[in-house]
Amino acid sequence: MEIAFYLSGLVAILATLRVITHTHPVHALLYLIVSLIAVAMVFFALGAPFAGALEIIVYAGAIMVLFVFVVMMLNLGGAAVAQERAWLRPSTWLGPALLAGLLLGVLAFELWRGDGGRTIAGELLTAKAVGMTLFGPWLIAVELAALLLLAALVTASHVGRLASRDGAGSPPGEDRS
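Quick summary incoming for the structure in this document.

What counts, and at which threshold
Residues numbered from 1 in each chain as written. Predicted model: local features only at pLDDT ≥ 70, side-chain atom pairs only at ≥ 80, totals over all residues. Heavy atoms only, no water. Axes fitted to C-alpha atoms, helices over the stretch in contact; angles between N-to-C directions. Helix = DSSP H or I, 4+ residues; strand = E, 2+ residues; numbered from the N terminus. Parallel < 35°, antiparallel > 145°, perpendicular 65-115°, else oblique. Left-handed = near helix turned anticlockwise from the far one by under 90°. Contact = heavy atoms within 4.5 Å. Nonpolar A, V, L, I, M, F, W, Y, C, P; charged D, E, K, R; others polar. Core = buried A, V, L, I, M, F, W, Y, C linked by side-chain atoms within 4.5 Å. Buried < 20%, exposed > 50% of the residue type's maximum accessible area, 1.4 Å probe, protein only. Phe/Tyr/Trp six-rings, centres within 6.5 Å; stacked < 30°, edge-to-face > 60°.

**Examining the packing of helix 1 (residues 2-21) against helix 2 (residues 25-45)**
The geometry of helix 1 relative to helix 2 is characterised by a closest axis approach of 8 Å and an angle of 160° between their N-to-C directions. On the basis of the axis angle, helix 1 is roughly antiparallel to helix 2. Handedness of the helix 1/helix 2 crossing: left-handed. On helix 2, the residues that touch F5, S8, G9, V11, A12, A15, T16, R18 and V19 of helix 1 are A28, Y31, L32, V34, S35, A38, V39, M41, V42 and A45. Partitioning the contact of helix 1 with helix 2 into residue classes produces 14 nonpolar, four polar and one charged.

**Some points on the nonpolar core**
Judged by nonpolar contacts, A4, V11, A12, A15, Y31, V34, A38, M41, L99, L103 and V106 together constitute the single largest core of eleven residues. Looking at this core, the elements that each hand over two or more residues are helix 1, helix 2 and helix 5 (90-113). By size, the runner-up hydrophobic cluster in this structure holds seven residues, among which are L29, A60, I63 and V71.

**Quick look at the packing of aromatic side chains**
With the rule as written, the count across this model stands at two aromatic pairs. Consider the rings of F5 and Y6, whose centres lie 5.2 Å apart with planes at 75°: the pair is edge-to-face. Between F109 and W112, the ring centres sit 6.5 Å apart and the planes meet at 40°, which makes this aromatic pair tilted. Here F109 pairs with W112, and both are found in helix 5, just three residues apart, close to one helical turn.

As structure tokens, then:
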């Protein structure tokens, strides 16, 4: 399991560096999804399957869908079609696909080896322990994070409406009067 831990950690670091250095938001989102899945594999290698499952369901699933929605909402206009064509080039998806393939290879190797139940030393993390921690001493932080995400969603919706009202979302050649 140590090889899975170290390789997943390496993939998480490389994908996160690409998130930070990439200028195109959709490309950065692809790398962010790979990074979050790699962090989930680190949790699985450490013997915290509940934390790994939460990482995939909450972050790589729900939060990424929200981010993609916001990016789609803000990228209104005629140039969006050309951008979508550019996204189909291998330079867009090859990096995230290679890192995800490496993670899949590590997972397949660990399953093939047969000692998937073995973990790096540590205590088993249960759902009850996570709930008691989040909604005990960290209740204020959890609520503030939820309010911050709500404010970001409302702001993105407002900015998207302003952009479409200014004509950024109308098709080419349409009269904007």
